[in-house]
Amino acid sequence: MTLAIRSATPADLPLIAQFIRDLADYEKLAHEVRFDEAKLGEKLFGARPYAEVVIGELDGAPQGFALFFHNFSTFEGRPGIYLEDLFVRPEARGSGLGKALLSHLAALCTERDCARLEWSVLDWNAPAIGFYQSLGARLMDEWTVMRVDGDALTSLAAS
């Protein structure tokens, strides 16, 4: 079996969109997927890309992806990478592809002088939590994610 990680191109947009939908199904959040594929492509591959995507392949067939972007740690005084989405198709799980995708991002962190690699995981996803911990990741239990979106975001922006 040949495992490869490559940067996504605009031609991968339908594949990326499908991976996002597949991840949402797995997370029981398909009802929250609202993106417009053309706008997604613009935000990933346009004049000002907001995120990057790598595709994981097994024997030349795309089987997973990671979508990530830079954040910044004021405490460290250095950037970091935030992993927004990581997904490996069920039939490819256990192949080492998930670890390879994370290893690729860790290498990018090192190359780009980033202080850390971070991501969120649903608290019910015990297999993923165990996998991440086996790689040296630690839970950040003392932090709670906050979000403002929709009407609340519009209202806050107008205040």
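Given the structure is predicted, the values throughout are model-derived calculations rather than measurements.

The rules behind each value
- Throughout, a residue's number is its position along its own chain's written sequence, starting from 1.
- Totals for whole chains, interfaces and linings use all residues, but because this is a predicted model, local features are given only for residues with pLDDT of at least 70 and pairs of side-chain atoms are given and counted only at 80 or more.
- Side-chain figures throughout are based on the complete set of non-hydrogen atoms in the structure, without hydrogens or water.
- A run of H or I in DSSP counts as a helix once it spans at least four residues, and a run of E counts as a strand once it spans at least two, with each numbered from the N terminus.
- Throughout, exposure labels follow a simple rule: accessible area from a 1.4 Å probe, protein chains only, divided by the maximum for the residue type, with under 20% read as buried, over 50% as exposed, and the rest as partly exposed.
- Throughout, a contact is declared for two residues whenever any of their heavy atoms are within 4.5 Å.
- Where accessible areas are quoted, they stem from the Shrake-Rupley method and a 1.4 Å probe; at the residue level, only the protein chains shown are allowed to cover.
- We treat Lys and Arg as the positive residues and Asp and Glu as the negative residues; His and chain ends play no part in the count.
- Charged side chains are reduced to one point each, which is NZ for Lys, CZ for Arg, CG for Asp and CD for Glu.
- Patch membership requires more than 30% relative accessible area and the absence of a salt bridge. Residues of like charge join within 9 Å; the nonpolar side chains Val, Leu, Ile, Met, Phe, Trp and Tyr join within 5 Å.
- Here, a salt bridge means any Lys or Arg side-chain nitrogen found within 4 Å of an Asp or Glu carboxyl oxygen.
- Strand pairing follows a simple DSSP-based rule, namely that at least 2 bridges must link the two strands.
- Here an axis means a line fitted to C-alpha atoms, over the contact stretch when the element is a helix, while the angle between two N-to-C directions is reported on a 0 to 180 degree scale.
- To obtain the arc, one takes the directions from the helix axis to the C-beta atoms.
- Angle categories: roughly parallel below 35 degrees, roughly antiparallel above 145, roughly perpendicular from 65 to 115, and oblique for all the rest.
- The nonpolar class holds Ala, Val, Leu, Ile, Met, Phe, Trp, Tyr, Cys and Pro. Asp, Glu, Lys and Arg form the charged class, and all remaining residues, Gly among them, are polar.

In terms of regular secondary structure, the protein chain is built from 5 helices and 5 strands. Mapped in sequence order, the helices and strands of the protein chain form the string β-α-α-β-β-β-α-β-α-α. For the C-alpha atoms alone, the extent of the protein chain along its principal axes is close to 55 × 35 × 35 Å. When each of the 159 residues of the protein chain is scored for burial, the buried share is 31%. The contacts in the protein chain between residues at least 6 apart in sequence include a share of 58% that link residues at least 24 apart. Only carbon and sulfur atoms are counted for the fraction: they give 55% of the accessible area of the protein chain, which is about 10,100 Å². Measuring between centres, the 15 positive side-chain charges of the protein chain sit 2 Å from its 23 negative side-chain charges.

Below, the discussion takes up a nonpolar patch on the surface. On the surface, V148, L153 and L156 cluster together into a nonpolar patch covering about 260 Å² of accessible area. Summarising the element assignment, L156 is placed in helix α5 (residues 150–158). Residue classification places L156 among the exposed positions, given a relative accessible area of 51%.

Pairing within the open sheet is mixed, and its 5 strands lie in the order β1-β2-β3-β4-β5. Taken across any chain shown, the strands that pair with only one partner, and hence form the sheet edges, are β1 (3–7) and β5 (117–119). Averaged over all adjacent pairs, the angle separating strand axes in this sheet is 30°, with direction ignored. As defined by bridge partners, strand β3 (residues 61–73) adjoins strand β4 (residues 78–88) across 10 bridges and the pair is classed as antiparallel. Each bridged residue has a counterpart across the sheet, and for S73 the counterpart in β4 is R78.

On to helix α4 (residues 126–134). All of the buried residues along α4 are A128, I129 and Y132. Across the axial projection of α4, the buried residues extend over an arc of 100°, all falling on one side. Opposite the packed face of α4, turned more than 90 degrees from it, sit the exposed residues A126, P127 and S134. Buried residues along α4 sit in contact with β4, α3 (97–111) and β5. Remark: G136 follows α4 within two positions and exhibits a positive phi of approximately 105°.

On to the packing of helix α1 (residues 13–26) against helix α2 (residues 37–45). Contact geometry for α1 and α2: axes closest at 10 Å, N-to-C directions at 110°. Relative to α2, the element α1 is oriented roughly perpendicular. When α1 is examined against α2, the residues L13, P14, I16, A17, I20 and R21 are found in contact with a partner set consisting of E37, L40, G41, L44 and F45. Along the lines of polarity and charge, the residues of the contact of α1 with α2 split into 8 nonpolar, 1 polar and 2 charged.

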